[in-house]
Structure formats: structure tokens, C-alpha cells
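Examination of the molecular architecture
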Amino acid sequence: MRADARRNLGKIVEAAAAVMAERGPAAPMDLIARRAGVGVGTLYRRFPDRAALLAAMGEHYAHSLAEALDRAAEREPDAWSALRAFVLWAGESGRGVLAAALAALPEEATVGPGFAEIRDRWLERLGGLVRRAQADGRMRADVTAGDVVALLNLFACHPGSLPAHVASRPTWFLGLMLDGMSAEAARH
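Below is a summary of the structure that appears in this document. Just so we're clear, the structure is a prediction, and the values are computed from it rather than from any experiment. (Residues numbered from 1 in each chain as written. Predicted model: local features only at pLDDT ≥ 70, side-chain atom pairs only at ≥ 80, totals over all residues. Heavy atoms only, no water.)

Each helix and strand in the protein was counted, giving 11 helices and 0 strands. Each helix and strand of the protein, placed in order from N terminus to C terminus, yields the pattern α-α-α-α-α-α-α-α-α-α-α. Out of the 188 residues belonging to the protein, those deemed buried represent 43%. Summarising the internal contacts of the protein: among those between residues at least 6 apart in sequence, 67% fall at separations of at least 24. When the accessible surface of the protein is split by element, carbon and sulfur atoms take 54% of a total near 9,800 Å². (Helix = DSSP H or I, 4+ residues; strand = E, 2+ residues; numbered from the N terminus. Buried < 20%, exposed > 50% of the residue type's maximum accessible area, 1.4 Å probe, protein only. Contact = heavy atoms within 4.5 Å. Areas by Shrake-Rupley, 256 points an atom, 1.4 Å probe, with all protein chains shown as cover.)

Another point: the environment of Gly10. Counting through the fold element by element, Gly10 comes out in helix α1 (residues 3–23). Look at Gly10 and you get buried, because its relative accessible area is 17%.

With that settled, the discussion passes to the pattern of salt bridges. Inspection of every chain in the model, using the stated rule, returns 7 salt bridges. Ionic pairing is found between Arg138 and Asp78, a salt bridge with its closest N-O pair at 3.0 Å. Taken as a pair, Arg138 in the loop between α7 (115–135) and α8 (145–157) and Asp78 in the loop between α4 (50–75) and α5 (79–90) lie far apart in primary sequence, 60 residues in all. A residue is classified by how much of its surface remains accessible, and Asp78, at 23% relative accessible area, is partly exposed. With a closest N to O distance of 3.1 Å, Arg84 and Asp179 form a salt bridge. Taken together, the positions of Arg84 in helix α5 and Asp179 in helix α10 (residues 170–181) put the pair 95 residues apart, joining distant regions of the chain. (Salt bridge = Lys/Arg side-chain N within 4 Å of Asp/Glu carboxyl O.)

Our focus in this paragraph is the packing of α4 against α7. Orientation of α4 relative to α7, taken along the N-to-C sense of each, is 25°, at an axis distance of 9 Å. Considering the angle they form, α4 stands roughly parallel to α7. Between α4 and α7 lies a crossing of left-handed hand. Between α4 and α7, the residues in contact are Gly58, Glu59, Ala62, His63, Leu65, Ala66, Leu69 and Asp70 and Phe115, Ile118, Arg119, Trp122, Arg125, Leu126 and Leu129, respectively. Partitioned by chemical class, the residues of the contact of α4 with α7 number 9 nonpolar, 2 polar and 4 charged. (Axes fitted to C-alpha atoms, helices over the stretch in contact; angles between N-to-C directions. Parallel < 35°, antiparallel > 145°, perpendicular 65-115°, else oblique. Left-handed = near helix turned anticlockwise from the far one by under 90°. Nonpolar A, V, L, I, M, F, W, Y, C, P; charged D, E, K, R; others polar.)

Counting across every chain of the model gives 3 aromatic pairs. Ring plane angle 55° and centroid distance 6.1 Å describe the contact between Phe86 and Trp122, whose orientation is recorded as tilted. Taken together, the residues Phe86 in helix α5 and Trp122 in helix α7 connect sequence positions 36 residues apart. Assigned by exposure class, Phe86 and Trp122 land together as buried. (Phe/Tyr/Trp six-rings, centres within 6.5 Å; stacked < 30°, edge-to-face > 60°.)

We now examine α1. Helix length check: α1, at 21 residues, gives a terminal C-alpha distance of 30 Å against a target of 30 Å (1.5 Å per residue), a fit within 8%. Turning to α1, its buried residues number three or more, namely Leu9, Gly10, Ile12, Val13, Ala15, Ala16, Ala17, Ala18, Val19 and Met20. The first or second residue beyond α1 is Gly24, which carries a positive phi of 90°. (Expected span 1.5 Å × (residues − 1).)

Given a rise of 1.5 Å per residue, 12 residues ought to cover 16 Å, and the 16 Å separating the end C-alpha atoms of α5 matches this to within 8%. Residues of α5 that are buried: Ala79, Trp80, Ser81, Ala82, Leu83, Phe86, Val87 and Ala90. N-cap assignment for α5: the residue whose side-chain oxygen lies 3.2 Å from the backbone N of Trp80 is Asp78. (Polar contact = N/O pair within 3.5 Å; in protein donor to acceptor, adjacent residues only side chain to side chain.)

Next up on the list: the side chain of Ser182. For Ser182, the location among the structural elements is in the loop between α10 and α11 (183–186). The exposure class assigned to Ser182 is buried, which follows from its relative accessible area of 12%. Within the structure, Ser182 has its side chain in polar contact with the backbone oxygen of Asp179 (distance 2.8 Å). Here Ser182 is in contact with Trp80, Arg138, Met139 and Arg140, once residues within four sequence places are set aside.

Rendered as C-alpha cells:
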């Protein structure tokens, strides 16, 4: 894919997430195109129907999670620090617009051909980080990768269900919850 086509794809997917978060999954395609700064023809050439756009949104989100997890693992000195950095990144205010838009859709709407593979690789990497952090003695042994996913799901996918005082400081509360997952917390 050419660089400009890749940029347009990213702009369209991000605009679709923002518009769908505001207006729901039936948001007008022309509004998505305007928000992305592309013509409706460009949008329909890339995504012939809404289902194709929703599938691309799911894949884009799964890719962004995998890339962020890999970046955290490369930059941080150990598995616990990488896991913590990743969770805080994912929970930053505004980061969850795409996650929230996807969470509002039926699961089959976001499952494109590459989504399951990308999601499974991400979950495998996340599980590996959890196991390494536990082996290093930094994370509670009774915490699973599924627990981390549930935490992310709550903060990134369903921010509207959080109490206002929690939603106003999501990374602070995520940090607090991560502290509870530390091996140190389990000893007290």
C-alpha cells in the first residue's frame, strides 16, 4: 500500500471511530469521510460497505494494541514495568474512543479476516509479559492476562460506565489498580 493510501486508511478508521463514538454504529458515511478529510469516493473505494469499515476498525485497534505492547516491552527495563506502561497508555483519556466504538458493536461486525490472528498474537504477548512479571516476583501469581484485559475493557471500552470521579482521572485509578496487582501488594 502506498504511503498516502496508508495515511488515508488510518485517517478514515480514526474518524470512523470518533464519529461512531458520538453517533453510534449507523453514523453517516459522508460524515466519516468529511471528518477524515477525504472524499466519499475515497472512503467507498477503500471500504465498499459499513461492514468492511467496521472490520478495518477492529483490525486497526488490535494492531495499535499489539504495537503499543511491543513498544512498552522494548523500552521498559522489565516485564512488570512494560505491562504497567502499556496499561497506562491504553487507559489514557481519549485513547479509548476506538475501543468504546467497537465495544458498542456486535462482535461479528468487527471480525475481519486478520482480526482474530492479530488479537490472538496480542493476547499471547500480553500473557507472556504477565508470566514473566510473575516469574520475576513483581506481579501477583493469582493475576491472569484475562484480568488485565478485563481492566482494560472497563477503562478503554466502557468509560461511560465508570463513576465520574474515576473517569476524570483514568490513569490514576488504573495505576492504583495495577498497584493492587503487584507482588508487593499480595504480601501485605
